Amino acid sequence: MSTFYSDDMYGKKSGAGLKIAGILGVCAVLAGGCAAAYAFSDTVKNQVKLAFSKPEDYFTWVYEKNTSDLADACGASYQKSIDQKNEGATGYAELRLEPTEEIRNYIIDDALSIDSDSSDEERELADIIQKTDSIAFRVDSTVLKNSFSEKLTLLRNGETLTDADVIMDLDNNYAYGRVADLTERYIGMDIQKASEELLNGSDLLFNPKDVPTGQEIGECVKKYCMIPVENITEVTIEKKKPVQISGISTEYTAMTANLTAEQVLDIAQKFTDSASTDETLKKLIPDQADFQNAMLEAGDSIRQLRESGISGTTNVQMITYVDTTGTIRGHYITAGSDFGYFGAIGMEDNQIAGELKVSAAGKSLLSCKLDATRDGMTLNGTASAFVNNTYGDEDNEIKADFSNFKIVDAEKGYFSGDVKLTTNDEEIPEIALTFNSDGSSESISYQLNVEEYSVGLLTLTYSADKGGSVEVPDRSGVFEVSPDMRGVDIEQYVSKDEIKKFSETVLKRLGVSDKLIGEVNDSVDGLY
């Protein structure tokens, strides 16, 4: 009889049976836990692949994983923008200047030379300037499917001086515009004709029905990311390779692949051949014919290089740095002394670093560095870029010191922090920017100075939200014009009285006296 099924199995419990059942239960739990860990942990997946795969297979898996993740992210982001457009979205951007008393006095006293001996009109102008606490230009936008509208507004001290409406109906290739204070009637223009006459037939904006889907964008990203690596069959792997990235040292798995010049040219050939017939890329390119011809010409040039025997000269080494989750964190590419590239990002404790270097013919062309310290969700640090000027002029260097950098809304791209920009050009002043967000909008402020004058605080504020609708005007009442505005008789669109009324409206909002308004309107009479 089996030792598992004892005589007293239906009476008192068997010790052996319980032990075996317990062992099996523990094994089942461990197996289930390992399966769950493998399914949900990128780190475990990566370690398993690294331990049990051939170098070439691991190399392919890493690139397929990373390109797939990138393609999914790009496709989803693009599709989200398309969905928002189809469902409706609104937003605004406002550029506002708050002039200092110093610059107001300079305009009055020095630029315009207005004093007690000036005319009443000049002193009235000085009063308006002195009472201007802010001047702003604002754009309010709405998009819904293939139509969008914009209201352009000029403001003083937060009050509207005047505004204009612009509406685009891409389904019918037509644009409308008006200044409502001047006339309720719209000016209209055929967009397709404008495209043909002014933009050499470029029609990126004018084929709204022929745009790629998010899936097509994702497939396109995946295809072109995999072309350089899909035929690499010889790979060596070094685990825990030390990598110096700007101010930190970290360890990555290094995958090294050596390519001949012939293989590099073959990759370039595949790029150009594929791009020249890629329907998704064509949808993204304004001038499709020029793009296709450029790709074909590039392909012909590569074929000529291969036929000339250049393919046997220089080998290329590509090292890919991979972290413990299987995510690509950098590359090192060399072609002898002809070309060098290093780009990577890493983290050590609370230090974050990034570096990008490009060289050619043994000379550094570009060097970028990022060094930051993370304190919770806040970053402080420095980013710099050095560009070697190959034409003998002074090299260019720019540095950005940032502090209290914090993401407020990742989806909308809102963040806060202070950034100070400096260069090695003594003629370019330091630029200090303040970024701020309350979660509903983003603002960028800059204290504008011109030479020795403090001009004022310049602030750009913008926001985006869901929803909104666009009302397309009745085309039958539109005053239609050609793209080059030839043969336009403005008096057929707006009368002299409407122009005078418009100037009166705007000048009154500025606080101009009736006497000066009358003089302005007398000038309008003179134009007619």
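For clarity, every value in this text was computed on a predicted model and none was experimentally measured.

*Asks:* Any chance you could explain a nonpolar patch on the surface here in plain terms?
*Replies:* The grouping of Ile 107, Leu 112 and Leu 125 at the surface amounts to a nonpolar patch, some 220 Å² of accessible area in total. On the secondary structure map, Leu 112 appears in the loop between helix H4 (101–111) and helix H5 (120–130). On the basis of relative accessible area, Leu 112 is assigned to the partly exposed category, the value being 40%.

*Asks:* What exactly am I supposed to notice about the nonpolar core here?
*Replies:* By size, the foremost hydrophobic cluster in this structure holds 25 residues, and its most contacted members are Phe 59, Tyr 63, Ile 232 and Met 255. Elements supplying a minimum of two residues to this core: helix H3 (55–87), helix H7 (214–226), strand E8 (248–259), helix H8 (261–276), strand E9 (316–322) and strand E10 (328–335). Per element, the largest residue contribution to this core is five residues, and it comes from H3. Once residues lying within four places of it in the same chain are set aside, the contact partners of Met 255 are Tyr 58, Phe 59, Val 62, Tyr 63, Val 235, Thr 236, Ile 237, Met 318, Ile 319, Thr 320 and Val 322. Core analysis: the second largest hydrophobic core is formed by ten residues, Ile 245, Ile 248, Ile 319 and Tyr 321 among them.

*Asks:* How should H7 be read in this particular structure?
*Replies:* One full turn of an α-helix is made of 3.6 residues, so residues set three or four places apart face in the same direction. The end-to-end C-alpha distance of H7 is 18 Å, a good match for the 18 Å that 13 residues give at a rise of 1.5 Å each. Among all positions in H7, only Gly 214, Ile 217, Gly 218, Cys 220, Tyr 224 and Met 226 are buried.

*Asks:* Would you mind going over the environment of Asn 172 with me for this structure?
*Replies:* Inspection of the secondary structure assignment puts Asn 172 in the loop between strand E4 (159–169) and strand E5 (174–178). Here Asn 172 falls in the partly exposed class, since its relative accessible area comes to 48%. Separated by 18 residues in sequence, Asn 172 and Asp 190 place their C-alpha atoms 8.6 Å apart.

*Asks:* Can you walk me through the environment of Phe 339 in this structure?
*Replies:* Locating Phe 339 in the fold gives a position in strand E11 (residues 339–348). Separated by 20 residues in sequence, Phe 339 and Ser 359 have C-alpha atoms that sit 5.7 Å apart. Residue contacts for Phe 339: discarding those within four places in its chain leaves Ile 333, Thr 334, Val 358, Ser 359 and Ala 360.

*Asks:* Looking at this model, I keep getting lost on the pattern of salt bridges. Mind explaining?
*Replies:* Where charged atoms from two side chains of opposite charge come close, those side chains can pair. According to the stated counting rule, one finds 25 salt bridges in the structure shown. Between Asp 127 and Lys 131 there is a salt bridge; the shortest N-O distance is 3.2 Å. Salt-bridge contacts for Arg 178 lead to Glu 184; the nearest nitrogen and oxygen are separated by 3.0 Å. The exposure class of Arg 178 is buried, given its relative accessible area of 18%. Residue Glu 184 is classed as exposed on the basis of its relative accessible area, which comes to 53%.

What counts as what
- Residues numbered from 1 in each chain as written.
- Predicted model: local features only at pLDDT ≥ 70, side-chain atom pairs only at ≥ 80, totals over all residues.
- Heavy atoms only, no water.
- Patch = residues over 30% accessible without salt bridge, like charges linked within 9 Å, V, L, I, M, F, W, Y side chains within 5 Å.
- Areas by Shrake-Rupley, 256 points an atom, 1.4 Å probe, with all protein chains shown as cover.
- Salt bridge = Lys/Arg side-chain N within 4 Å of Asp/Glu carboxyl O.
- Helix = DSSP H or I, 4+ residues; strand = E, 2+ residues; numbered from the N terminus.
- Buried < 20%, exposed > 50% of the residue type's maximum accessible area, 1.4 Å probe, protein only.
- Core = buried A, V, L, I, M, F, W, Y, C linked by side-chain atoms within 4.5 Å.
- Contact = heavy atoms within 4.5 Å.
- Expected span 1.5 Å × (residues − 1).

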